[in-house]
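# Structural description and commentary
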Amino acid sequence: LPPRRPDASRAAMSVDAATVRKIANLARIAVTDGDVEAMVPELNNILGWIEQLGEVNTDGVAPLAAVIPNHQRLREDVVTDGNIRDKVLANAPQAEHGFFAVPKVIE
Amino acid sequence: MGNITDLGIAGLRDGFRAGDFTAREVAEAFSTAVAGAKALNAFIIETPDHALAAADAADKARAAGELKPLSGVPLGIKDLFCTAGYQTTAASGMLGGFTPTYESTVTTKLFAAGAGMLGKLNLDQFAMGSSNETSAYGNVISPWRRSDGGNAPLAPGGSSGGSSSAIAARIVPAATGTDTGGSIRQPAAFTGIAGIKPTYGRCSRFGIVAFASSLDQAGAMAQDVRDSAILLEAMSGFDPKDSTSLDVSVPQWEANLSGDLKGKKVGIPKEYRVDNMPAEIDALWKQGIEWLRDAGAEIIDVSLPHTRYALPTYYIIAPAEASSNLARYDGVRYGLRDLPEGANLQDMYAATRAAGFGPEVKRRILIGTYVLSAGFYDAYYTKAQKVRALIARDFEEAFKQVDVLLTPTAPSAAFALGEKSADPLEMYLNDVFTVPASLAGVPAMSVPAGLDGQGLPLGLQIIGRPLDEQGVLNAGLAIEQRALFNAKPQNWWVK
């Protein structure tokens, strides 16, 4: 199995509490102080282990996004769907007057 | 004839056609078995009405001489497939009560082929997990127990653990699964059943709750290789609604099954011989090599040099894609909304996602957000995509020499619930043998091959060339014909 690196201090880019708060904010996930405290070592443990990719020589290698050769298809520019407003809204936590309702965003 | 519920897909289909029983009798027998196996917690919802309606339609079709490929066969459906009118949760509190208004392409195909649905099967939350311990609807319990008499509840594997548990317990004849890094094959190995992940793009992803889109692939889980072939055939096919769907015809995998491997070459990748692998698994692997040699295959040692980097690559790419895919859960259009008193829109997003996602899902979203964030994108994400290219190239090179590869499916037999859940990394390492084929997008299956010293099932994995599911199934059949695996768990769960 790939070697583990529990010694997170070896990781070149270890995360601290401020970083965890920042990424939690970017991810729009509310976190408590307790959450952050627990996540710092967990994420460092995982990220420290991931660091081993640094030892692979990838010079001249193109990043792989599509694993099985395929081509982007085009279709006729015609309406294939629609008039299903009620279906679209059927699972909304709050739908009003045929729209999704959210807290006020413009003062 | 024994119990109807001992039969798999082929047995039910053929017995139904021969008039041995009605489809209604089949649906009732399985629905009763499902209702009586609550101790396994394999289902999130049971849908006997769906199974019975499909059965009645099948009985009518038989009378009219209009049989379909799966007429008379009820199935379990992993609760990651959207089913119109039936709650679909991905085992997350985020989607509690979500009732799709549309049908996934895979279930559309299965129902059009005459199959009915016995219920929606439990899984790891958003398919993130290897033990089914991350579900918001409770752990699935494996029907298997160690022979030590301790009765420790064991993991059915994950993420398709409801599927594997239900098939092993014979409460469904077969089920759908999805596999992002091993979520069909590892649970199959843990529970003594067969499971195949086809080539990426074979089965449409439309209507499957997304985890990591460049890896997610639906597949078949069943008692044996033939049933896997039948089910996969019914699930596969081009779908214009999935931009990565492959526009290729679906072969007749069942009709072309053959365990005769004369002229075939089987590669044994040396990098899968890892440290700390239990001796029993190594011995089973050697046994598998002998079985395939006996079936006529030539055995060749091969190398997949980047194997050891597959797991860390996966744990960059999959969380990165997950963090992007799961951004859709915003409390606005569907699913949970948590709107604290006086909260603005941003607060609502953050509160909703904090309340709706489980700890493992949050962990992966945060890792994904981190590796995609400004300043780290190239060091992590682009680097991982490059290593992924090297891993795929390893397989390409190997498949110039051999037709299929043989490896163990997992580095251990089923572990006990709670045994690995405290350490995320320890859990991730259980997917060491399944992740490489996922990253390369190639077809792979697990077949049950033996029991360990504690009486628990062990699986062998066959990996094939892109689009050569037939080669994978045939090698699987050759093992099945020699392993003669017929062990079953004691049915302690029956009420």
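Just above, that's the structure.
Not measured: the values here are computed from a predicted model.

Turning our attention to unusual backbone geometry. Note the cis peptide between glycine 158 of chain B and serine 159 of chain B, where omega equals 10°. With respect to the secondary-structure elements, serine 159 of chain B resides in the loop between β3 (116-121) and α5 (161-168). A positive phi angle, close to 55°, is found at arginine 28 of chain A, a residue other than glycine. Within the secondary structure, arginine 28 of chain A is located in the loop between α1 (17-26) and α2 (33-50). In this structure, histidine 97 of chain A is a non-glycine residue whose phi angle is positive, near 55°. Secondary-structure assignment places histidine 97 of chain A in the loop between β1 (95-96) and β2 (99-100).

All names here are of chain B. Structurally, the position occupied by alanine 27 is in helix α2 (residues 23-35). C-alpha separation for the pair alanine 27 and arginine 465, spaced 438 residues apart in sequence, amounts to 37 Å. The contacts of alanine 27, once residues within four sequence positions are left out, are Ala51, Leu52, Ala55 and Leu118.

Let's shift gears to the pairing of strand β2 (residues 74-78) of chain B. Residue and element names in this part refer to chain B. With five of its five residues buried, β2 lies for the most part within the structure. Side chains of β2 alternate between two faces, with Pro74, Gly76 and Lys78 and Leu75 and Ile77 buried alike. Bridging between β2 and β3 involves five bridges; their strand directions are parallel. Bridge pairing links leucine 75 to methionine 117 in β3. Read from β2 through helix α4 (residues 105-112) to β3, the crossover connection turns out right-handed.

Right, let's get into the interface of chain B and chain A. Contact residues are listed per partner, giving 78 residues for chain B and 51 residues for chain A. Together chain B and chain A conceal approximately 5500 Å² of surface at their shared face, both sides included; 70% is due to carbon and sulfur atoms. Taken as a group, Leu366, Tyr370 and Leu425 of chain B account for 13% of the area that chain B buries against chain A, more than any other trio of residues on that side. Where chain B touches chain A, the interface holds two salt bridges. One salt bridge connects glutamate 55 of chain A with arginine 308 of chain B, and the closest N-O pair in it is separated by 3.3 Å. On the surface where chain B and chain A come into contact, there are 19 residue pairs in polar contact (both at pLDDT 80 or more). Counting residues per element, the ones that place at least two in the side of chain B that touches chain A are α9 (310-325), α10 (345-356), α11 (359-372), α12 (377-401), α13 (424-428) and α14 (435-440) of chain B. Take the side of chain B that touches chain A: its biggest share by element is 13 residues, from α12 of chain B. Class assignment for the residues of the side of chain B that touches chain A results in 44 nonpolar, 19 polar and 15 charged.

Residue and element names in this part refer to chain B. Counting 190 residues, the largest nonpolar core has Leu110, Phe126 and Leu406 as its most contacted members. Looking at which element gives the most residues to this core, the answer is α12, with eleven residues. Among all residues touching phenylalanine 126, those that are not within four sequence positions of it are Ala90, Ser92, Met94, Leu95, Val209, Phe211, Leu326, Tyr329, Phe357 and Val361.

Attention now moves to the pattern of salt bridges. Applying the stated rule across the entire model yields 27 salt bridges over all chains. Between arginine 293 of chain B and glutamate 290 of chain B there is a salt bridge, with its nearest N and O atoms 3.3 Å apart. Residue arginine 293 of chain B and its partner glutamate 290 of chain B are located together in helix α8 (residues 279-294), separated by three residues, close to a single helical turn. Arginine 333 of chain B is the partner of aspartate 330 of chain B in a salt bridge, and the nearest nitrogen-oxygen pair spans 3.3 Å. The buried category is assigned to aspartate 330 of chain B, whose relative accessible area is 13%. Salt bridges linked by common partners bring Glu42 of chain A together with Glu360, Arg363 and Arg364 of chain B together as one network.

What follows deals with α2 of chain B. Residue and element names in this part refer to chain B. In a regular helix each residue adds 1.5 Å, so 13 residues correspond to 18 Å; α2 covers 18 Å between its end C-alpha atoms and thus fits that length. Looking only at α2, the buried set comprises Ala23, Val26, Ala27, Phe30, Ser31 and Val34. Considered in projection along α2, the buried side chains sweep an arc of 125° and stay on one side of the axis. Of the surrounding elements, those touching the buried residues of α2 are α1 (9-17), β1 (43-46), α3 (48-64), β2 and β3.

To continue, consider the packing of α4 of chain B against helix α7 (residues 225-235) of chain B. Residue and element names in this part refer to chain B. Two elements in contact, α4 and α7, have axes separated by 8 Å at closest approach and are oriented at 115°. Judged on the interaxial angle alone, α7 and α4 are roughly perpendicular. Residues Val106, Lys109 and Leu110 of α4 pack against Leu231, Ala234 and Met235 of α7. In the contact of α4 with α7, the residues fall into five nonpolar, no polar and one charged.

Okay, the environment of phenylalanine 30 of chain B next. Residues and elements named next belong to chain B. Relative to the elements of secondary structure, phenylalanine 30 occurs in helix α2. On the basis of relative accessibility, which here comes to 0%, the residue phenylalanine 30 falls in the buried class. On a C-alpha basis, the gap between phenylalanine 30 and glycine 195 in space is 20 Å, while along the polypeptide they are 165 residues apart. Once you skip the residues sitting within four places of it in the chain, phenylalanine 30 turns out to touch Ile4, Thr5, Leu7, Leu12, Pro74, Leu118, Arg170, Ile171, Val172 and Pro173.

Attention now moves to the packing of aromatic side chains. All names here are of chain B. Evaluated as defined, the whole model comprises 17 aromatic pairs over all chains. With 5.8 Å between their ring centres and 55° between their planes, tyrosine 370 and tyrosine 380 make a pair best called tilted. Residue tyrosine 370 is located in helix α11, and its partner tyrosine 380 is located in helix α12; the two are separated by ten residues in the primary sequence. Assigned by exposure class, tyrosine 370 and tyrosine 380 land together as buried. Of the aromatic side chains, those joined through ring pairs into one cluster are Phe98, Phe126, Tyr329, Tyr334 and Phe357.

Cut-offs used in this document
Residues numbered from 1 in each chain as written. Chains lettered and ligands numbered in written order. Predicted model: local features only at pLDDT ≥ 70, side-chain atom pairs only at ≥ 80, totals over all residues. Heavy atoms only, no water. Helix = DSSP H or I, 4+ residues; strand = E, 2+ residues; numbered from the N terminus. Contact = heavy atoms within 4.5 Å. Buried < 20%, exposed > 50% of the residue type's maximum accessible area, 1.4 Å probe, protein only. Pairing = 2+ DSSP bridges. Right-handed = clockwise from strand over helix to strand, strands pointing away. Buried area = accessible area lost by both parts, 1.4 Å probe. Salt bridge = Lys/Arg side-chain N within 4 Å of Asp/Glu carboxyl O. Polar contact = N/O pair within 3.5 Å; in protein donor to acceptor, adjacent residues only side chain to side chain. Nonpolar A, V, L, I, M, F, W, Y, C, P; charged D, E, K, R; others polar. Core = buried A, V, L, I, M, F, W, Y, C linked by side-chain atoms within 4.5 Å. Expected span 1.5 Å × (residues − 1). Arc of directions from axis to C-beta. Axes fitted to C-alpha atoms, helices over the stretch in contact; angles between N-to-C directions. Parallel < 35°, antiparallel > 145°, perpendicular 65-115°, else oblique. Phe/Tyr/Trp six-rings, centres within 6.5 Å; stacked < 30°, edge-to-face > 60°.

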